[in-house]
Each structure stands twice: as C-alpha cells, then as structure tokens.
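One letter stands for each residue in the lines below.
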Amino acid sequence: MAWTANDIPDQTGRTAVVTGSNSGIGYVTARELARHGARVLLACRSEQRGQDAVRRLQHEVPSARAGYRHLDLGDLSTVRGFAKNYDDERLDLLINNAGVMALPHGTTADGFETQFGVNHLGHFALTGLLLPQLLATPGSRVVSLSSGMHALSNVDLDDLNSERHYRRWVAYGRSKSANLLFIHELARRLAAAGSDTVAAAAHPGYASTNLQTAGVRMEGRHIAERVATLANRVIAQSADAGALPTLYSATAPSVTPDSFTGPRLQGWRGSPAPSWRAPWTRDDRAAELLWTASEQLTGVTYPGL
C-alpha cells in the first residue's frame, strides 16, 4: 500500500529542525511533523515569512508546538548563531531542506558560489555544529534533500565554486550531487563511530514550489516565469505529495543509512520508494575529498566522527 502522511509514527517528545520551511515542501514537512506531535523549529532566512509560516501552521494544527529561528544558509555567521542559540540538549530530526535552483551567478556572504554555498556548504556547517545534540539523541536522523537533477553533473573537486565557467543547471546538479556525497560520507562516519544516528537523503520529484520560478524571476524573464508557473499547475505534483519522501526518510522505521528516497513513478511523482542515484554519489574517495574541502571552506569540523 502507498505510504502517506497518515503513516507517520507518533512524534511526541521529539524535536525537529526544518530549514527553509516557510513555504513549499519544507512547510509541509514541518506541519506534518507537528501534526504528529513533534516540536518543530522553522529555520528560515526571512523573519516575516518565518513568523507568518508559524502562525499559518498553528492555525492548521492548533495543537502544534512550533517556533521560528533565523537561519541564512548563505551566511555562515548566522549558521553559527543558530547553532549557538539552539537551546535544547536533544535534536531528533535535522531536515536539511532549504535550497536554491538554477540562479544567475552570484556568491554568498562568505564568497562561495550561491548554489554550492547554500545547498551544500551551509547545511554541511549546520549539521556539524548541531552534531553534539544529534549524537546525544537516541535514534536521531539527518535528512538532506537532493534532486533527480543531480544526474546533470558530478561535483568538480578542482572547481567547487564554478570559478572557471558557470552554467546554472550544471552548478545546480553539482550541488545536488554534493548533497548525496555528504550523506554517503556522513553515514559512513556515523557507522564507524558506532552511532545509531541515521543519515539519509530524499528528493521530491517534480513538485510545485517557488524553486522553479525564482531564478527566471530574478532575471526578469517574464515569459519563462509564466511557462514555469503553468508547468507547476499542469504537470507537477503538489508540495504535499512532494514532501512525502522527506517525511518517509525522517520517520519510517525501515529507513537505512545512506538511502535515497523519491517518488515511485519514474522519480517524478507518487508515493515514496527507493530512488535511482548516479554511481558517482557513492564514490568513497570523492565523498572523503569533498568532506575535507567542506571543512576547510566552512571552518566546521565534526567532533567524534
């Protein structure tokens, strides 16, 4: 039978952090975790949108325990501030959901190419800084969102910030491959340390969110924006459906380390199922080299792993 949000086990007593949760898949993930009893922190860049999302969530789920915390993955100082101000000794679920897609070339506050900086390095730093709470919590999980579009390109370890030549979709594919390599190496290190924390990955297939329109809107490409908007309405599945692989990876008892879950039907839509991934996302040497480079770029190391 198809797995749905109704199959989420009771989350009472658990704490979850969901990045980029003011809208789309992240919001649905936070709402459904809260609906099933978890205390949820919505970690978002915009305070207004984050607070609005909390109010909306509490309206939809009156029993929800939810709050907003400021987090800008494009600025490592706010990532460090988020971790420093995290006031709970436990962390059951870290959902690395936030991301950007196919943007015009730009850089983060720390000088990294935007897609690599936000999609990978920001979450790498956040996970490392919250590692003590994750390791202290029995049965904790880290879930990172990748994309079927990771197949566009492997990471270029000699040009992680796309300084030689920038192509927006290639850079996006590289950042999503980096997400999978990160989970691959994190799962290996957790197992070597004897930890029961599970690191897994998920992707939403083609889900209707603002990711499809953000890049073309930034460039003022109005026709392309209208086409993307129409495709979201006609072809894409809903954000509620797109969030199911994330929710499955975060809560289903059968999830295994380094698994990759996506929609069942050709990876585009449908209920959660094991997803195809490019062979390079299981490359042990590449994962180790990316990990070392990420530590050097962010200044964040993983104590105990």
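Asks: For this particular structure, what's the right way to read the pattern of salt bridges?
Replies: Opposite charge on two side chains makes pairing possible when the charged atoms of those side chains draw close. Counted according to the given criterion, the structure contains 15 salt bridges. Among the salt bridges present, the one from aspartate 92 reaches arginine 90, with a minimum N-O distance of 2.6 Å. Its relative accessible area of 1% is what places aspartate 92 among the buried residues. For arginine 90, a relative accessible area of 32% puts it in the partly exposed group. For arginine 188, the salt bridge goes to glutamate 185, with nearest N and O atoms at 2.7 Å. Residue arginine 188 and its partner glutamate 185 are located together in helix α6 (residues 168-192), separated by three residues, close to a single helical turn. Since its relative accessible area comes to 1%, glutamate 185 is described here as buried. When salt bridges with common partners are traced through the structure, they connect Arg31, Glu32, Arg35, Arg56, Glu60 and Asp240 into a single cluster.

Asks: What is the right way to read empty space enclosed by the protein from this model?
Replies: Remark: the empty space left among the atoms is shown by a probe the size of a water molecule rolled over them. With the rule as written, the count across this model stands at three cavities of 30 Å³ or more. Lining the largest cavity are Glu113, Phe116, Val155, Asp156, Asp159, Leu160, Ser162, Ala171, Arg174, Ser175 and Ala178. Ranked by residues supplied to the lining of the largest cavity, first place goes to α6 with four residues.

Asks: Quick question: what am I supposed to make of the sheet that holds strand β4 (residues 93-96) here?
Replies: Within a sheet, neighbouring strands are paired by backbone hydrogen bonds and run either parallel or antiparallel to one another. What the eight strands build is an open sheet, ordered β3-β2-β1-β4-β5-β6-β7-β8; its pairing is mixed. On the outer flanks of this sheet lie β3 (65-70) and β8 (269-274), each paired with one strand and no other. Adjacent strand axes in the sheet meet at a mean angle of 25°, parallel and antiparallel pairs treated alike. Sheet analysis places strand β6 (residues 198-202) next to strand β7 (residues 260-265), joined by two bridges and oriented parallel. Across the sheet, alanine 201 pairs through a bridge with phenylalanine 260, a residue of β7. Against the sheet, helix α1 (residues 24-35) makes contact with β1 (15-19), β2 (39-44), β4 and β5 (141-145), and its axis sits at roughly 170° relative to β1, the strand it touches most.

Asks: Honestly, unusual backbone geometry in this entry has me stumped. Any pointers?
Replies: The general pattern is negative phi for most residues beyond glycine and trans for most peptide bonds. Despite not being glycine, serine 162 has its phi angle at roughly 50°, a positive value. Looking at the secondary structure, you find serine 162 in the loop between β5 and α6. Given the relative accessible area of 5%, serine 162 is considered buried. Its identity is not glycine, yet aspartate 258 carries a phi of approximately 65°, on the positive side. In this structure aspartate 258 comes out as buried when scored by relative accessible area, which is 10%.

Asks: Looking at this structure, how should I read the packing of aromatic side chains?
Replies: To describe a pair of aromatic rings, one takes the distance between the centres and the angle between the planes. Scanning all chains against the criterion turns up seven aromatic pairs. Their ring planes at 20° and their centres at 5.8 Å tell us that phenylalanine 182 and tryptophan 291 sit as a pair that is stacked. Note that phenylalanine 182 is positioned in helix α6 and tryptophan 291 in helix α11 (residues 284-298), a separation of 109 residues in sequence. For the pair phenylalanine 182 and tryptophan 291, a shared accessibility class is recorded, and that class is buried. Through pairs of rings, three or more aromatic residues link up here, namely Phe124, Phe182, Trp291 and Tyr302.

Asks: Would you explain the nonpolar core in this entry?
Replies: Within soluble globular proteins, side chains that are nonpolar generally end up buried alongside one another. Within the largest apolar cluster, 46 residues are counted, with the highest numbers of intra-cluster contacts made by Val17, Leu130 and Leu186. Contributions of two or more residues to this core are made by β2, α3 (76-85), α4 (114-129), α5 (131-135), α6, β6 and α11. Take this core: its biggest share by element is eight residues, from α6. Dropping the residues within four chain positions of it, valine 17 is found in contact with Leu41, Ala43, Phe82, Tyr86, Leu91, Leu93, Leu94 and Ile95.

Asks: Would you mind going over the confidence of the model for the protein chain with me for this structure?
Replies: Predicted coordinates in areas of low pLDDT are best not read in detail. Scored by pLDDT, the protein chain comes out at a mean of 91, with 89% of its residues at no less than 70. For residues 211-218, every residue scores under 50 in pLDDT, and the model assigns this stretch 21 contacts once sequence neighbours within four places are set aside. Under a pLDDT of 50 for its full length, residues 221-234 has, in the predicted model, 16 contacts with residues more than four places off or in other chains.

Asks: I tried to follow the pairing of β5 on my own but got confused; where do I start?
Replies: A regular strand places its side chains on the two faces of the sheet in alternate fashion. By the criterion of burial, β5 is predominantly enclosed, with five of the five residues buried. Of the two faces of β5, the one holding Arg141, Val143 and Leu145 and the one holding Val142 and Ser144 are both buried throughout. Strand direction decides the pairing type here: β4 and β5, joined by four bridges, are parallel. Bridge pairing in β5 places leucine 93 opposite arginine 141. The pairing of β5 with β6 spans five bridges and is classified as parallel. Directly across from leucine 145, in β6, lies its bridge partner alanine 202. Read as a crossover between parallel neighbours, the route from β5 over α6 to β6 is right-handed.

Calculation rules
Residues numbered from 1 in each chain as written. Predicted model: local features only at pLDDT ≥ 70, side-chain atom pairs only at ≥ 80, totals over all residues. Heavy atoms only, no water. Salt bridge = Lys/Arg side-chain N within 4 Å of Asp/Glu carboxyl O. Buried < 20%, exposed > 50% of the residue type's maximum accessible area, 1.4 Å probe, protein only. Helix = DSSP H or I, 4+ residues; strand = E, 2+ residues; numbered from the N terminus. 1 Å grid on protein atoms, 1.4 Å probe; cavity = no way out; pocket = protein on both sides within 12 Å on 5 of 7 lines; lining within 4 Å. Points joined across faces, edges and corners; volume = space filled by probe spheres on them. Pairing = 2+ DSSP bridges. Axes fitted to C-alpha atoms, helices over the stretch in contact; angles between N-to-C directions. Contact = heavy atoms within 4.5 Å. Phe/Tyr/Trp six-rings, centres within 6.5 Å; stacked < 30°, edge-to-face > 60°. Core = buried A, V, L, I, M, F, W, Y, C linked by side-chain atoms within 4.5 Å. pLDDT = per-residue confidence, 0-100. Right-handed = clockwise from strand over helix to strand, strands pointing away.

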